[in-house]
Amino acid sequence: MYIEKFLKVIEKDILPVLPSNIRGIIQQIEGDLLEKVEEIRIRVGKPLTLVFTGNDYFVTPQGTLTKNPSIAYEITEDDALRLLSIISQNSIYALEEELKNGFLTIKGGHRIGLVGKAVMENGKIRTLKHITGFNIRVAKELKGVADKVLPFIIDKDGRILNTLILSPPKAGKTTLLRDIIRQVSDGNPKLHLKGFKVGLVDERSEIASCFEGKPQKDVGIRTDVLDGCPKAIGIMMLLRSMSPEIIATDEIGRAEDVAAIEEAINSGVKLITTAHGRDMEDVKKRPILKEIIERGIFERYIILGFSQGAGTLEKVLDENFEIIYSINLIKGGYLNVV
């Protein structure tokens, strides 16, 4: 069932943006392999590449996977031009804002990263030209992955605790955050959790994966999304205009984030956010994060890792950094979030 659903997503969202020859190659790949694809890498003069968890393979013109780049399909300049024409709908100028950030989001919430020659203006990137590299990141939505975590971030009165999710790259923190947002927005009767008004600042368009302003991923019925907005600005905008009970963001860590977070906390709004880091010691090496943590803002720390596969719930700490859950102490800690 999952494979069929995912393959329909590939067919509906991904294949239409590919040049016809690359589309034909991808269509020949076996379904049980295709459903595991995380990224499609298209680089001019390089082999067509599919990325899976922790590994990548080149693709032959016949749609078979190989580790031998010499027999793989080689991306041409014409492939890149046709792909750019499709995703820009024949108007590269329509993508200028996206090109400044180096990525765009397509229907279904899938993200396409782009690289090429950066055109600078007043010390900032104005646009990209001579685009020769694309990374199509296949968005996968897994509902229910927050089930194991939610009981740790709800107090006895049914209120959400200020929570920081920590993990290394590719350990599932964005997927987990998305499902937490969905459940606290919709409510969870099993946990006697009412639905909360959630304000989501989705600076990198990875959580709600908005396309033309509309979330492509389910982030709940009471969630208001500010897409592509810097966190500090977005938090203040939401506080002024949307009366959120909870604010969610991804990847805090800039100096300007601190004041906005404190303003939200002082307004009685709860915060759920993420940061890169293997553990508390690792995170505290970054001055801004160390400052936020030492101010005692967070009441729960959720730490993900890889000890039993990607997405393992390694530890949960309280506001005093005391362990209230550890994979090393309690059986059954696996949390499949990627």
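The rules behind each value
- Residues numbered from 1 in each chain as written.
- Predicted model: local features only at pLDDT ≥ 70, side-chain atom pairs only at ≥ 80, totals over all residues.
- Heavy atoms only, no water.
- Helix = DSSP H or I, 4+ residues; strand = E, 2+ residues; numbered from the N terminus.
- Rg over C-alpha atoms; globule rule 2.2 N^0.38 Å.
- Buried < 20%, exposed > 50% of the residue type's maximum accessible area, 1.4 Å probe, protein only.
- Contact = heavy atoms within 4.5 Å.
- Pairing = 2+ DSSP bridges.
- Axes fitted to C-alpha atoms, helices over the stretch in contact; angles between N-to-C directions.
- Phe/Tyr/Trp six-rings, centres within 6.5 Å; stacked < 30°, edge-to-face > 60°.
- Lys NZ or Arg CZ within 6 Å of the ring centre and 35° of its normal.
- 1 Å grid on protein atoms, 1.4 Å probe; cavity = no way out; pocket = protein on both sides within 12 Å on 5 of 7 lines; lining within 4 Å.
- Points joined across faces, edges and corners; volume = space filled by probe spheres on them.
- pLDDT = per-residue confidence, 0-100.
- Salt bridge = Lys/Arg side-chain N within 4 Å of Asp/Glu carboxyl O.
- Arc of directions from axis to C-beta.

> Whenever I open this one, the overall build of the protein confuses me. Can you help?
A count of helical and extended segments in the protein gives ten helices and 17 strands. Relative to its length of 338 residues, the protein is compact, with a C-alpha radius of gyration of 21 Å against a globular reference of 20 Å. For the protein, the spread of C-alpha atoms along the principal axes amounts to about 60 × 50 × 35 Å. The burial tally for the protein puts 50% of its 338 residues in the buried class. Residue pairs in contact within the protein that sit at least 24 positions apart in sequence constitute 61% of those at least 6 positions apart.

> What is the right way to read unusual backbone geometry from this model?
Phi is mostly negative for residues that are not glycine, and the peptide bonds are mostly trans. Here the phi dihedral of Lys 170 falls at roughly 70°; this positive angle occurs in a residue that is not glycine. Inspection of the secondary structure puts Lys 170 in the loop between strand E8 (163-167) and helix H6 (173-186). In this structure, His 192 takes a positive phi of about 55° despite not being glycine. Summarising the element assignment, His 192 is placed in the loop between H6 and strand E9 (198-202).

> Before we go on, may I ask you to explain the sheet that holds strand E17 (residues 323-326) in this structure?
Across a sheet, strands are paired by hydrogen bonds formed along the backbone, either parallel or antiparallel in direction. Pairing is mixed across the open sheet formed by eight strands, whose spatial order is E12-E9-E13-E14-E8-E15-E16-E17. Bordering the open sheet on either side are strand E12 (223-227) and E17, each of which pairs with just one other strand. Going across the sheet, the axis of each strand differs from the next one's by a mean of 15°, ignoring polarity. Sheet topology places E8 next to strand E14 (residues 270-276); five bridges connect them, and they run parallel. Residue Ser 167 lies in a different strand from E14, and its bridge partner there is His 276. Across the face of the sheet, helix H7 (residues 231-241) comes into contact with E9, E12 and strand E13 (246-249) while running at roughly 155° to E9.

> Is there a simple way to explain the packing of aromatic side chains in this structure?
In this structure the tally under the stated criterion is four aromatic pairs. Every member of this aromatic cluster is reached through a ring pair, and the members are Phe 298, Tyr 301 and Phe 321. Over the face of the ring belonging to Phe 103 we find Arg 111, whose NZ or CZ atom lies 3.6 Å from the ring centre. Positioned above the aromatic ring of Phe 196 is the side chain of Lys 194, whose terminal nitrogen or guanidinium carbon lies 4.1 Å from the ring centre.

> Whenever I open this one, the layout of surface pockets confuses me. Can you help?
With a probe scaled to a water molecule rolled over the atoms, the places where space remains empty come into view. Estimates place the volume of the second largest pocket at around 640 Å³. Looking at the second largest pocket, it is lined by 26 residues, and the ones nearest its centre are Glu 98, Leu 104, Thr 105, Ile 106 and Phe 211. Those elements that place two or more of their residues in the lining of the second largest pocket are helix H1 (2-14), helix H4 (77-87), helix H5 (96-101), strand E5 (103-105) and strand E10 (210-211).

> Can you walk me through the confidence of the model for the protein in this structure?
Close reading of the predicted structure is inappropriate where its pLDDT is low. Mean pLDDT over the protein: 90, with 94% of residues reaching 70 or higher. When pLDDT is averaged over each element of the protein, E13 comes out on top at 98 and H1 at the bottom at 68. Under a pLDDT of 50 for its full length, residues 331-338 has, in the predicted model, 38 contacts with residues more than four places off or in other chains.

> Explain the pattern of salt bridges here, please?
A side chain of one charge can pair with a side chain of the opposite charge if their charged atoms are brought near each other. Enumeration over the complete set of coordinates arrives at 28 salt bridges. Here Lys 143 ties to Asp 218 by a salt bridge, and the two come within 2.9 Å at their closest N and O atoms. Separated by 75 residues along the polypeptide, Lys 143 in the loop between strand E7 (124-137) and E8 and Asp 218 in the loop between strand E11 (214-215) and E12 bring together distant segments of the chain.

> Explanation requested: H4 in the structure shown.
For the α-helix, the turn length of 3.6 residues means that residues three or four positions removed from each other point alike. Listed in full, the buried residues belonging to H4 are Asp 79, Ala 80, Leu 83, Leu 84 and Ile 87. Looking straight down H4, one finds that the buried residues subtend no more than 130° of arc, so they occupy a single side. Facing away from the buried side of H4, by more than 90 degrees, are the exposed residues Glu 77 and Leu 81. A positive backbone phi angle near 55° is found at Gln 89, which sits one or two residues after H4.

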